[in-house]
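Topology and contacts: notes
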Amino acid sequence: MRTLLLIVLSLTAMAVAGLTGCTRGEQQASTKLQVVTTLFPLFDFARIIAGERAEVTMLLPPGMEPHSFEPKPNDIIRISKSGLFIYTSRYMEPWAETILKGTDRRSLRVVDAGQGVSYLKGSAEVGHDHAGHGDHGTDDHAAGMDPHIWLDFSNAVVIVNNILTGFVAADPANAPLYRDNAAALNARLADLDRRYREGLSSCASRTFLHGGHYTFGYLARRYGLEYRSLSGISSESEPSAAKMAAMVRQIRSSGVRYLFAEELLSPRLTETLAGEAGVEVLKLHGAHNLGKDDVQRGIGFIELMEQNLANLQKGLACRSK
Ligand SMILES: [Zn+2]
(Lines give C-alpha, C1' and ligand atoms only; values in the text may rest on other atoms or scores of the structure.)
Protein backbone atom coordinates (compact mmCIF):
# COMPACT_ATOMS: atom_id res chain seq x y z
CA MET A 1 0.00 0.00 0.00
CA ARG A 2 2.76 2.35 1.00
CA THR A 3 4.72 1.46 -2.11
CA LEU A 4 1.66 2.05 -4.28
CA LEU A 5 1.13 5.46 -2.68
CA LEU A 6 4.77 6.38 -3.34
CA ILE A 7 4.46 5.32 -6.97
CA VAL A 8 1.28 7.37 -7.41
CA LEU A 9 2.88 10.37 -5.71
CA SER A 10 6.02 10.22 -7.81
CA LEU A 11 4.01 9.74 -11.01
CA THR A 12 1.94 12.81 -10.12
CA ALA A 13 5.08 14.76 -9.37
CA MET A 14 6.59 13.69 -12.70
CA ALA A 15 3.42 14.66 -14.56
CA VAL A 16 3.34 18.09 -12.92
CA ALA A 17 7.04 18.60 -13.58
CA GLY A 18 6.55 17.45 -17.16
CA LEU A 19 3.66 19.83 -17.69
CA THR A 20 5.33 22.88 -16.24
CA GLY A 21 8.60 21.96 -17.97
CA CYS A 22 6.77 21.74 -21.25
CA THR A 23 4.95 25.05 -20.79
CA ARG A 24 8.14 26.80 -19.82
CA GLY A 25 9.94 25.26 -22.80
CA GLU A 26 7.29 26.52 -25.21
CA GLN A 27 7.38 29.97 -23.71
CA GLN A 28 11.15 30.05 -24.04
CA ALA A 29 11.00 28.89 -27.64
CA SER A 30 8.72 31.77 -28.58
CA THR A 31 10.58 34.44 -26.65
CA LYS A 32 14.17 33.30 -27.19
CA LEU A 33 16.50 35.95 -28.53
CA GLN A 34 16.95 35.45 -32.30
CA VAL A 35 20.55 35.99 -33.40
CA VAL A 36 21.76 36.22 -37.01
CA THR A 37 25.50 36.00 -37.79
CA THR A 38 27.41 36.26 -41.06
CA LEU A 39 30.64 34.21 -40.98
CA PHE A 40 31.35 30.89 -39.27
CA PRO A 41 33.60 32.14 -36.42
CA LEU A 42 30.88 34.59 -35.35
CA PHE A 43 28.24 31.86 -35.58
CA ASP A 44 30.31 29.39 -33.56
CA PHE A 45 31.23 31.94 -30.85
CA ALA A 46 27.63 33.20 -30.64
CA ARG A 47 26.13 29.72 -30.30
CA ILE A 48 28.59 28.90 -27.51
CA ILE A 49 27.75 32.15 -25.66
CA ALA A 50 24.01 31.59 -26.25
CA GLY A 51 23.87 28.08 -24.81
CA GLU A 52 20.16 27.16 -24.70
CA ARG A 53 18.97 30.71 -24.15
CA ALA A 54 19.09 32.09 -27.69
CA GLU A 55 18.57 30.87 -31.25
CA VAL A 56 21.68 31.48 -33.38
CA THR A 57 21.73 31.12 -37.17
CA MET A 58 24.27 31.85 -39.89
CA LEU A 59 23.52 33.89 -43.01
CA LEU A 60 25.98 32.22 -45.38
CA PRO A 61 24.73 28.94 -46.84
CA PRO A 62 27.19 26.01 -46.51
CA GLY A 63 30.06 26.20 -48.99
CA MET A 64 29.23 29.76 -50.10
CA GLU A 65 32.24 31.91 -51.01
CA PRO A 66 32.17 34.63 -48.33
CA HIS A 67 33.94 37.60 -49.96
CA SER A 68 31.54 37.90 -52.87
CA PHE A 69 28.45 37.18 -50.75
CA GLU A 70 25.63 39.72 -51.05
CA PRO A 71 22.46 39.36 -48.96
CA LYS A 72 19.23 38.63 -50.83
CA PRO A 73 15.91 40.33 -49.88
CA ASN A 74 15.06 37.26 -47.75
CA ASP A 75 18.32 37.64 -45.83
CA ILE A 76 17.61 41.31 -45.16
CA ILE A 77 14.16 40.43 -43.82
CA ARG A 78 15.74 37.74 -41.64
CA ILE A 79 18.22 40.28 -40.22
CA SER A 80 15.57 42.93 -39.59
CA LYS A 81 13.31 40.43 -37.78
CA SER A 82 16.10 39.26 -35.47
CA GLY A 83 16.95 40.76 -32.11
CA LEU A 84 20.73 40.69 -32.62
CA PHE A 85 22.75 40.87 -35.83
CA ILE A 86 26.49 40.14 -35.72
CA TYR A 87 28.85 40.90 -38.61
CA THR A 88 32.65 40.91 -38.83
CA SER A 89 33.47 44.42 -40.06
CA ARG A 90 32.92 46.83 -42.90
CA TYR A 91 36.00 45.34 -44.58
CA MET A 92 34.46 41.85 -44.65
CA GLU A 93 30.78 42.76 -45.13
CA PRO A 94 30.73 46.17 -46.86
CA TRP A 95 26.99 45.68 -47.47
CA ALA A 96 26.13 45.58 -43.75
CA GLU A 97 26.10 49.32 -43.07
CA THR A 98 23.93 49.94 -46.13
CA ILE A 99 21.21 47.47 -45.24
CA LEU A 100 21.24 48.45 -41.56
CA LYS A 101 20.24 52.01 -42.47
CA GLY A 102 16.79 50.69 -43.39
CA THR A 103 16.17 48.63 -40.24
CA ASP A 104 14.47 49.57 -36.99
CA ARG A 105 17.36 49.95 -34.56
CA ARG A 106 15.07 50.07 -31.51
CA SER A 107 14.28 46.34 -31.82
CA LEU A 108 17.48 45.18 -33.56
CA ARG A 109 20.85 45.38 -31.88
CA VAL A 110 23.96 45.21 -34.05
CA VAL A 111 27.46 43.98 -33.25
CA ASP A 112 30.45 45.05 -35.36
CA ALA A 113 32.55 42.15 -34.08
CA GLY A 114 35.83 43.68 -35.21
CA GLN A 115 35.42 46.84 -33.17
CA GLY A 116 38.63 47.53 -31.22
CA VAL A 117 40.80 45.18 -33.30
CA SER A 118 43.91 46.73 -34.86
CA TYR A 119 43.54 45.96 -38.53
CA LEU A 120 46.48 45.13 -40.75
CA LYS A 121 46.90 46.53 -44.22
CA GLY A 122 48.15 45.00 -47.38
CA SER A 123 48.84 41.47 -48.46
CA ALA A 124 51.80 39.36 -49.36
CA GLU A 125 51.12 37.87 -52.73
CA VAL A 126 53.88 36.10 -54.56
CA GLY A 127 55.63 38.25 -57.11
CA HIS A 128 55.29 41.48 -55.07
CA ASP A 129 58.63 42.86 -53.96
CA HIS A 130 57.30 45.23 -51.35
CA ALA A 131 54.60 43.05 -49.92
CA GLY A 132 53.89 43.15 -46.23
CA HIS A 133 51.80 44.83 -43.61
CA GLY A 134 51.42 48.49 -42.86
CA ASP A 135 53.87 49.70 -45.46
CA HIS A 136 51.35 51.03 -47.95
CA GLY A 137 47.89 52.50 -48.02
CA THR A 138 46.87 55.58 -46.10
CA ASP A 139 43.08 55.42 -46.33
CA ASP A 140 41.67 53.56 -43.34
CA HIS A 141 38.54 52.82 -45.35
CA ALA A 142 40.49 51.28 -48.22
CA ALA A 143 39.45 47.91 -49.49
CA GLY A 144 43.03 46.83 -48.85
CA MET A 145 42.43 46.22 -45.12
CA ASP A 146 42.80 42.55 -44.27
CA PRO A 147 39.42 41.32 -42.95
CA HIS A 148 40.61 37.90 -41.64
CA ILE A 149 40.93 39.12 -38.04
CA TRP A 150 39.62 35.90 -36.41
CA LEU A 151 42.86 34.10 -37.36
CA ASP A 152 44.73 35.97 -34.63
CA PHE A 153 43.31 34.38 -31.48
CA SER A 154 43.85 37.51 -29.40
CA ASN A 155 41.49 39.19 -31.88
CA ALA A 156 39.14 36.23 -31.51
CA VAL A 157 38.90 37.11 -27.80
CA VAL A 158 38.04 40.73 -28.72
CA ILE A 159 35.36 39.36 -31.08
CA VAL A 160 33.93 37.15 -28.30
CA ASN A 161 33.76 40.14 -25.94
CA ASN A 162 32.01 42.28 -28.56
CA ILE A 163 29.48 39.51 -29.19
CA LEU A 164 28.96 39.14 -25.42
CA THR A 165 28.24 42.88 -25.11
CA GLY A 166 25.56 42.47 -27.79
CA PHE A 167 23.96 39.50 -26.01
CA VAL A 168 23.90 41.29 -22.65
CA ALA A 169 22.31 44.41 -24.19
CA ALA A 170 19.73 42.42 -26.16
CA ASP A 171 18.80 39.99 -23.36
CA PRO A 172 19.94 41.32 -19.96
CA ALA A 173 17.91 38.70 -18.05
CA ASN A 174 20.32 35.99 -19.18
CA ALA A 175 23.49 38.08 -18.81
CA PRO A 176 25.13 35.93 -16.08
CA LEU A 177 24.90 32.79 -18.25
CA TYR A 178 26.22 34.61 -21.33
CA ARG A 179 29.14 35.97 -19.29
CA ASP A 180 30.03 32.51 -17.96
CA ASN A 181 29.89 30.93 -21.42
CA ALA A 182 32.01 33.71 -22.95
CA ALA A 183 34.61 33.43 -20.18
CA ALA A 184 34.91 29.67 -20.75
CA LEU A 185 35.28 30.21 -24.51
CA ASN A 186 37.94 32.90 -24.01
CA ALA A 187 39.88 30.52 -21.78
CA ARG A 188 39.82 27.91 -24.57
CA LEU A 189 40.99 30.52 -27.12
CA ALA A 190 43.85 31.58 -24.83
CA ASP A 191 44.85 27.92 -24.51
CA LEU A 192 44.71 27.53 -28.31
CA ASP A 193 46.96 30.59 -28.66
CA ARG A 194 49.43 29.09 -26.19
CA ARG A 195 49.49 25.76 -28.08
CA TYR A 196 50.13 27.58 -31.37
CA ARG A 197 52.93 29.62 -29.84
CA GLU A 198 54.61 26.53 -28.40
CA GLY A 199 53.83 24.27 -31.35
CA LEU A 200 55.28 26.70 -33.89
CA SER A 201 58.27 27.83 -31.84
CA SER A 202 60.88 25.46 -33.22
CA CYS A 203 60.33 24.57 -36.86
CA ALA A 204 62.79 23.75 -39.64
CA SER A 205 61.03 26.28 -41.89
CA ARG A 206 59.29 29.53 -40.95
CA THR A 207 57.77 30.18 -44.38
CA PHE A 208 54.41 28.89 -45.50
CA LEU A 209 53.11 29.26 -49.01
CA HIS A 210 49.44 29.15 -49.80
CA GLY A 211 47.82 28.43 -53.14
CA GLY A 212 44.77 30.54 -52.27
CA HIS A 213 43.77 34.09 -51.41
CA TYR A 214 45.56 36.12 -48.72
CA THR A 215 43.96 34.70 -45.54
CA PHE A 216 46.58 33.96 -42.87
CA GLY A 217 48.38 37.31 -42.49
CA TYR A 218 47.20 37.75 -38.88
CA LEU A 219 48.18 34.21 -37.93
CA ALA A 220 51.61 34.57 -39.54
CA ARG A 221 52.31 37.83 -37.75
CA ARG A 222 51.25 36.55 -34.34
CA TYR A 223 53.60 33.55 -34.48
CA GLY A 224 56.47 35.13 -36.40
CA LEU A 225 55.99 33.21 -39.65
CA GLU A 226 56.55 34.30 -43.25
CA TYR A 227 53.45 33.94 -45.39
CA ARG A 228 52.93 34.26 -49.14
CA SER A 229 49.67 33.63 -50.98
CA LEU A 230 48.83 33.14 -54.63
CA SER A 231 46.09 35.81 -54.70
CA GLY A 232 45.11 38.96 -52.85
CA ILE A 233 42.73 39.57 -49.96
CA SER A 234 39.58 38.59 -51.82
CA SER A 235 39.30 35.28 -53.65
CA GLU A 236 37.21 36.68 -56.47
CA SER A 237 39.91 37.12 -59.08
CA GLU A 238 41.53 34.27 -60.97
CA PRO A 239 45.31 34.19 -60.51
CA SER A 240 47.22 35.04 -63.65
CA ALA A 241 49.70 32.72 -65.35
CA ALA A 242 52.47 35.08 -64.20
CA LYS A 243 51.32 34.72 -60.57
CA MET A 244 51.30 30.95 -60.85
CA ALA A 245 54.78 30.93 -62.35
CA ALA A 246 55.94 33.22 -59.53
CA MET A 247 54.49 30.79 -56.96
CA VAL A 248 56.32 27.83 -58.50
CA ARG A 249 59.58 29.86 -58.44
CA GLN A 250 58.96 30.85 -54.81
CA ILE A 251 58.32 27.23 -53.78
CA ARG A 252 61.56 26.13 -55.42
CA SER A 253 63.69 28.98 -54.07
CA SER A 254 62.36 28.81 -50.49
CA GLY A 255 62.82 25.07 -50.27
CA VAL A 256 59.40 24.41 -48.69
CA ARG A 257 58.12 20.86 -48.96
CA TYR A 258 54.40 21.60 -48.85
CA LEU A 259 51.97 23.99 -50.48
CA PHE A 260 48.88 24.84 -48.44
CA ALA A 261 45.44 24.77 -50.06
CA GLU A 262 42.35 26.65 -49.04
CA GLU A 263 39.17 24.97 -47.98
CA LEU A 264 36.27 26.03 -50.16
CA LEU A 265 37.93 26.17 -53.57
CA SER A 266 38.65 23.25 -55.82
CA PRO A 267 42.09 21.88 -54.87
CA ARG A 268 42.95 21.31 -58.54
CA LEU A 269 44.89 24.55 -59.03
CA THR A 270 46.94 24.04 -55.86
CA GLU A 271 47.61 20.44 -56.83
CA THR A 272 48.79 21.51 -60.28
CA LEU A 273 51.14 24.12 -58.78
CA ALA A 274 52.43 21.68 -56.18
CA GLY A 275 52.96 19.01 -58.86
CA GLU A 276 54.86 21.51 -61.00
CA ALA A 277 57.11 22.45 -58.10
CA GLY A 278 57.47 18.87 -56.82
CA VAL A 279 55.92 19.40 -53.36
CA GLU A 280 52.87 18.02 -51.58
CA VAL A 281 49.58 19.71 -50.66
CA LEU A 282 48.27 20.26 -47.13
CA LYS A 283 44.96 21.87 -46.21
CA LEU A 284 44.69 25.07 -44.22
CA HIS A 285 41.18 26.15 -43.24
CA GLY A 286 40.43 29.87 -43.16
CA ALA A 287 37.15 29.19 -41.27
CA HIS A 288 35.17 31.89 -43.13
CA ASN A 289 32.48 29.32 -43.81
CA LEU A 290 31.98 25.55 -43.63
CA GLY A 291 31.27 23.06 -46.38
CA LYS A 292 28.20 20.80 -46.04
CA ASP A 293 30.16 17.89 -44.54
CA ASP A 294 31.66 19.99 -41.77
CA VAL A 295 28.25 21.53 -40.99
CA GLN A 296 26.80 18.02 -40.63
CA ARG A 297 29.65 16.97 -38.38
CA GLY A 298 29.01 20.03 -36.22
CA ILE A 299 32.69 20.98 -36.22
CA GLY A 300 33.76 24.02 -34.16
CA PHE A 301 36.18 26.87 -34.81
CA ILE A 302 38.69 25.60 -32.24
CA GLU A 303 38.72 22.10 -33.79
CA LEU A 304 39.36 23.61 -37.23
CA MET A 305 42.27 25.57 -35.80
CA GLU A 306 43.66 22.43 -34.14
CA GLN A 307 43.65 20.71 -37.55
CA ASN A 308 45.43 23.74 -39.02
CA LEU A 309 48.07 23.62 -36.28
CA ALA A 310 48.74 19.94 -36.97
CA ASN A 311 49.11 20.67 -40.71
CA LEU A 312 51.31 23.71 -40.12
CA GLN A 313 53.56 21.67 -37.83
CA LYS A 314 53.84 18.99 -40.50
CA GLY A 315 54.37 21.49 -43.33
CA LEU A 316 57.02 23.52 -41.46
CA ALA A 317 58.67 20.45 -39.88
CA CYS A 318 58.19 21.66 -36.31
CA ARG A 319 59.33 19.80 -33.25
CA SER A 320 56.10 18.98 -31.43
CA LYS A 321 55.91 19.97 -27.80
ZN1 LIG B 1 39.07 35.38 -47.10
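Only a predicted model underlies this, so the values are computations on that prediction, with no experimental measurement involved.

Reading the values: rules and limits
- Residues numbered from 1 in each chain as written.
- Predicted model: local features only at pLDDT ≥ 70, side-chain atom pairs only at ≥ 80, totals over all residues.
- Pairing = 2+ DSSP bridges.
- Helix = DSSP H or I, 4+ residues; strand = E, 2+ residues; numbered from the N terminus.
- Axes fitted to C-alpha atoms, helices over the stretch in contact; angles between N-to-C directions.
- Contact = placed C-beta atoms within 7 Å.
- Core = buried A, V, L, I, M, F, W, Y, C linked by C-beta atoms within 7 Å.
- Buried ≥ 20, exposed ≤ 12 C-beta atoms within 10 Å, placed from the backbone.
- Domains from an automatic or database assignment.
- Right-handed = clockwise from strand over helix to strand, strands pointing away.

Another aspect to go through is the sheet that holds strand β2 (residues 54–58). Spatially, the 4 strands line up as an open sheet ordered β2-β1-β3-β4, and their pairing is parallel. A strand with exactly one partner marks an edge of an open sheet, and here the two such strands are β2 and β4 (109–112). Sheet twist, expressed as the mean angle between neighbouring strand axes with direction ignored, is 20°. Judged from the 5 bridges that link them, strand β1 (residues 33–37) and β2 form a sheet pairing that is parallel. In the sheet register, Val 35 faces β2, and the bridge partner there is Val 56. Sitting on the sheet, helix α2 (residues 40–50) is in contact with β1, β2 and β3 (84–87), with an inclination near 170° to β2. The strands touched by helix α5 (residues 153–170) within the sheet are β1, β2, β3 and β4, with β4 carrying the most contacts at an inclination of about 170°.

Core analysis: the biggest nonpolar cluster contains 68 residues, and Val 35, Ala 46, Ile 49, Ile 86, Val 160 and Ile 163 have the highest contact counts within it. When residues in this core are grouped by element, the largest group, 8 residues, is from α5. When residues of this core are assigned to domains, at least three fall in each of domain 1 (23–117 + 149–194) and domain 2 (202–315). When neighbours within four sequence positions are excluded, Val 160 is seen to be in contact with Phe 45, Ala 182, Leu 185, Asn 186 and Leu 189.

Now for the pairing of β1. Counted residue by residue, β1 has 4 buried out of 5 residues, so it is predominantly covered. In the classification by handedness, the crossover that spans β1, the intervening α2 and the parallel β2 is right-handed. In terms of strand pairing, β1 meets β3 through 3 bridges, oriented parallel. Bridging across to β3, Val 35 finds its partner in Leu 84.

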